[in-house]
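# Examination of the molecular architecture
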Amino acid sequence: MKKFLLVMLVLILAAAGFVLWLFERSADGVPILVYHRVSDTDKNPATLTVADFDAQIKFLVDDGYHVISPDDLLDAWEQGKTLPTKPIIITFDDGHADIYNNVFPILQKHNVRATVFIVTDHVGMADYLTWDQARALQAGGFVDIESHTMSYKDLTTLKGDKLWNEIYGSKQAIEWALKKPAKFIAFPNGKYTVDAEDTSKEVHFRAGFIEDYGLADNDANRFIVTRIPVVGSNSHTLSRFKLRLKGAPIFAPIHRFKVDIAEGNPEVADLIFIP
């Protein structure tokens, strides 16, 4: 019995030490949140209610987080500029119309900003932003419009001119329509290749973003900047948001392990819970 208790104590201490090491390693990391939809009518699992999104932004402000832009982050990494305490970045993917109708008023209410990655061929389609709305958001000072590619194709399936057009075409469309530089790209579904990275560099994007649950790290590839996905849920949405935000150093390796085993052992992967 004593031997068993000793073994358990060693395992607990080892686990605690590993967790502390994960947090220490991520101490300088910056959380980047990625949302998709904020709506009281859409029931997609990626959708938050307006009240839930408002509560999350209020929590960030009350908890002392300072919302910065991707430019601020890159300036700190590359030029040594100082970031505020508890920096955080808010991003949205896809460019749905609820960003204009539901998100923008909440950003104004709490005086925070967000980066919205749009699929340029989807602009003007049903339930997506129009170019007039995108211009109004950009001009309002709380939203920066960036690229989520031209037509949301899987970049891992594209090469040559098709890959170039998908990436550069979106940059051209944003710069022509909004009369401002397009500096950043978010890869659709977080899928990318070395060719996609290289093309993004060639057309002079400053950085590329994916989803990986972890914190953005200065030592990481500038074109694989990780973001924490935020989704809706039927219960404890704010609690789960806080847990995912605060526990990012733990959940990132768990998520990577889950992805690694999902193809060969999907049943086991489904048992791995991430809030």
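What counts and how
Residues numbered from 1 in each chain as written. Predicted model: local features only at pLDDT ≥ 70, side-chain atom pairs only at ≥ 80, totals over all residues. Heavy atoms only, no water. Helix = DSSP H or I, 4+ residues; strand = E, 2+ residues; numbered from the N terminus. Buried < 20%, exposed > 50% of the residue type's maximum accessible area, 1.4 Å probe, protein only. Contact = heavy atoms within 4.5 Å. Areas by Shrake-Rupley, 256 points an atom, 1.4 Å probe, with all protein chains shown as cover. Axes fitted to C-alpha atoms, helices over the stretch in contact; angles between N-to-C directions. Parallel < 35°, antiparallel > 145°, perpendicular 65-115°, else oblique. Left-handed = near helix turned anticlockwise from the far one by under 90°. Nonpolar A, V, L, I, M, F, W, Y, C, P; charged D, E, K, R; others polar. Core = buried A, V, L, I, M, F, W, Y, C linked by side-chain atoms within 4.5 Å. Pairing = 2+ DSSP bridges. Right-handed = clockwise from strand over helix to strand, strands pointing away. Salt bridge = Lys/Arg side-chain N within 4 Å of Asp/Glu carboxyl O. pLDDT = per-residue confidence, 0-100. Phe/Tyr/Trp six-rings, centres within 6.5 Å; stacked < 30°, edge-to-face > 60°. Lys NZ or Arg CZ within 6 Å of the ring centre and 35° of its normal.

### A few points about the overall build of the protein
Tallying secondary structure elements over the protein gives 10 helices and 10 strands in all. Counting over 275 residues, the protein shows a buried share of 48%. Look at the contacts in the protein between residues 6 or more apart in sequence, and 65% of them connect residues 24 or more apart. Summing over all exposed atoms, the protein offers an accessible surface of approximately 14000 Å²; the carbon and sulfur share of this is 57%.

### Things to note about the packing of helix α4 (residues 98-110) against helix α5 (residues 131-140)
The axes of two packed helices give the description: the angle between them and the distance between them. At a minimum axis distance of 10 Å, the contact between α4 and α5 shows a crossing angle of 20 degrees. Taken together, the axis directions place α4 and α5 in an arrangement best described as roughly parallel. Handedness of the crossing formed by α4 with α5: left-handed. Here I99, Y100 and F104 of α4 come into contact with α5, specifically with Q133, A136, L137 and G140. Split into classes, the residues belonging to the contact of α4 with α5 amount to five nonpolar, two polar and no charged.

### Some words on the nonpolar core
One finds L33, Y35, F53, L60, I90 and F92 to be the most contacted residues of the largest nonpolar core, which totals 50 residues. Apart from the residues lying within four places of it in its own chain, the contact partners of Y35 are L48, F53, Q56, I57, I90, T91, F92, D93, V230 and F241. Judged by nonpolar contacts, the second largest core, of 14 residues, contains W77, I89, F117 and A186.

### Quick notes on the pairing of strand β5 (residues 87-94)
Among the eight residues that make up β5, eight are buried, leaving the element largely enclosed by the rest of the structure. Relative to strand β6 (residues 114-118), β5 is paired through four bridges, and the arrangement is parallel. When the sheet's bridge partners are listed, T91 is paired in β6 with T115. With α4 bridging β5 and its parallel neighbour β6, the resulting β-α-β unit is right-handed.

### Some words on the packing of helix α2 (residues 50-62) against helix α8 (residues 237-246)
Two elements in contact, α2 and α8, have axes whose closest approach is 10 Å; the angle formed by their N-to-C orientations is 45 degrees. Classified by the angle between their axes, α2 and α8 sit oblique to one another. Of the two elements, α2 crosses α8, and the hand of that crossing is right-handed. Along the contact surface, α2 presents D52, A55, Q56, F59 and L60, while α8 presents T237, L238, F241, K242, L245 and K246. Its residues placed into classes, the contact of α2 with α8 shows six nonpolar, two polar and three charged.

### Description of the pattern of salt bridges
Should the charged atoms of two oppositely charged side chains come close, the side chains can pair. Considering all chains together, one arrives at 20 salt bridges under this definition. Of the charged contacts in the structure, one is a salt bridge between R206 and D75, with a shortest N-O distance of 2.7 Å. Pair noted here: R206 is in the loop between α7 (194-202) and β9 (207-209) and D75 is in helix α3 (residues 70-79), with a separation of 131 residues, a long-range link.

### Brief notes about the side chain of D212
Position of D212 relative to the elements: it lies in the loop between β9 and β10 (228-229). Given a relative accessible area of 14%, D212 falls into the buried group. Filtering out sequence-adjacent residues up to four positions away, D212 remains in contact with T226, R227, A252, H255 and R256.

### Topic: the confidence of the model for the protein
Detailed reading of the predicted coordinates is not advisable wherever pLDDT is low. Looking at the protein, the pLDDT average stands at 89 and 89% of residues meet or exceed 70. Counting interchain partners and residues more than four positions distant, the pLDDT-below-50 stretch residues 7-26 has 10 contacts.

### A word on the packing of aromatic side chains
Geometrically, a pair of aromatic rings is defined through the distance of the ring centres and the angle of the planes. Here the structure, examined in full by the defined rule, presents nine aromatic pairs. For the pair Y35 and F53, a centre-to-centre distance of 5.1 Å together with 90 degrees between the ring planes defines the contact as edge-to-face. With Y35 in strand β1 (residues 32-35) and F53 in helix α2, this residue pair connects regions lying 18 residues apart in the sequence. Each member of the pair Y35 and F53 is classed as buried. Judged by centre distance (5.2 Å) and plane angle (20 degrees), the ring pair of Y35 and F92 falls under stacked. Placement of the pair is Y35 in strand β1 and F92 in strand β5, with a sequence separation of 57 residues. Note on accessibility: Y35 and F92 belong to one class, buried. By the ring-pair criterion, three or more aromatic residues cluster together here, those being Y35, F53 and F92. Taking NZ or CZ as reference, K86 lies 4.4 Å from the ring centre of Y65, over its face.

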